[in-house]
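Architecture at a glance
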Amino acid sequence: MSRRLTVVQLLPELEVGGVERGTLEIAEALVAAGHRALVVSAGGRLVDELEACGAEHRQLTIGAKRLTSLVHVPALTRLFSSEGVDIVHARSRLPAWLGRCALRRMPSARRPAWVTTVHGPYSVNAYSRIMTSGDAVIAISAFIRDYIESNYPEVPANRITVIPRGVDTRRYHAGFKPDATWVAAFLRDHPGLVGRTLLTLPGRLTRWKGQEDFLALIAILRRAGRPVHGLVIGGAHPRKAGFADELAARAGQLGIAADVSFLGQRDDLRELLAISTIAYSLTGEPEAFGRTTIEALALGTPVIGYDHGGTGEILTRVYPAGLVAAGDVAAAAARTQALLDSPQAVPHEHPYTIAAMQAATIALYERLCR
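A few points on the structure. (Residues numbered from 1 in each chain as written. Predicted model: local features only at pLDDT ≥ 70, side-chain atom pairs only at ≥ 80, totals over all residues. Heavy atoms only, no water.)

**Some thoughts on the state of the cysteines**
Taken as a whole and assessed by the stated rule, the structure comprises zero disulfides. Cys53 takes part in no disulfide bond, and the closest cysteine sulfur to it belongs to Cys369, at a distance of 19 Å. (Disulfide = S-S within 2.5 Å.)

**Some remarks on the sheet that holds strand 6 (residues 136-139)**
Sheet architecture is open: seven strands sit in the order 3-2-1-4-5-6-7, paired in parallel fashion. The sheet is open, and its two borders are formed by strand 3 (56-59) and strand 7 (160-162), each paired with just one other strand. In this sheet, neighbouring strand axes are inclined to one another by 25° on average, regardless of whether the strands run parallel or antiparallel. The pairing of strand 5 (residues 113-118) with strand 6 spans four bridges and is classified as parallel. Its bridge partner lying in strand 6, Thr117 is registered against Ile138. (Pairing = 2+ DSSP bridges. Helix = DSSP H or I, 4+ residues; strand = E, 2+ residues; numbered from the N terminus. Axes fitted to C-alpha atoms, helices over the stretch in contact; angles between N-to-C directions.)

**So, the sheet that holds strand 13 (residues 323-324)**
Within a beta sheet, neighbouring strands are joined by backbone hydrogen bonds and run either parallel or antiparallel to one another. One open sheet holds the six strands; their spatial order is 10-9-8-11-12-13, and the pairing between them is parallel. Looking at strand neighbours, the two that pair on one side only are strand 10 (260-264) and strand 13, the edges of this open sheet. Note that strand 11 (residues 278-281) and strand 12 (residues 303-306) share three bridges and pair parallel. Opposite Ala279, over in strand 12, you have Val303 as the bridge partner. Strand contacts of helix 8 (residues 211-223): strand 8 (197-202), strand 9 (228-233), strand 10, strand 11 and strand 12, with the helix running at about 170° to strand 9, the strand carrying the most contacts. The strands that helix 12 (residues 309-318) touches are strand 11, strand 12 and strand 13; relative to strand 12, the one it contacts most, it runs at about 135°. (Contact = heavy atoms within 4.5 Å.)

The structure is reproduced here in structure tokens:
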């Protein structure tokens, strides 16, 4: 190990989400490598887990979009200075603005290195530009790297590093099988699924996530006589509850109301993906990474997905048999029938692991501080 580093990560809060989970994963890796990990946020349900791994939390409301958030800039400056911080890593736009302002108040000779992660294709404007200001800019996929290069051409290519997110191979691996108690309980709750071929679309209920295309696909397969049943997994935001009703009505219009189950938000997505014959990613817009795609593939469940964004990258590298042109429902249905008739196994090895993400991020930190 190089010298012991102190790394501060900035984000709005530590509730459940991809950004929050990635923050914890890096904090855990830092502590395991003998470094010091601090996280600044407004707090949340993941604080206890963060501190249990040996990281430290400082509570500041740095994600509230109001002018009074600027009062936290002096506190951040004091934190960076008093704790001898080597790296400040911002993961969200407002915390990045506050962190950048805090750094500018410090003498250049004592200023920590500045890292930003672009987690998605933000709206292109001066506010979002802060996420490309890092001494090192992490893109979570090649799609996001291309987004940066296209929309912020002033960012030197050598400052951008692609570090994909990953899955925990201890939880998501080809040998995983749901235990018999879970299977029995699930089939008891859903007796109509016994003997059916389960096709699954995970993702929150919102118009761009592909649920409407998935219903159309199920309708095509049922008309072809396939004994399939669609599982739509994901909840709707309270302000978008009407979309859930629309989807149920659409299933009725297509004549597949009995062939689709809307399971809502679940804590057992891993188990559901494991018992599925095929999972899907049919997003209307490119995803920044495609977490559920690699989770399903890591379990050995084939994925059929549109060839764009992070999902297209993952499938190209891990399971090209699942690629179809974006928006082509008929092609997705045809590919489903082909895989049902002639299954193609998912390779056991893939590069999208948490361990790889952690190692690449810590290597970047250490490189910046050499």
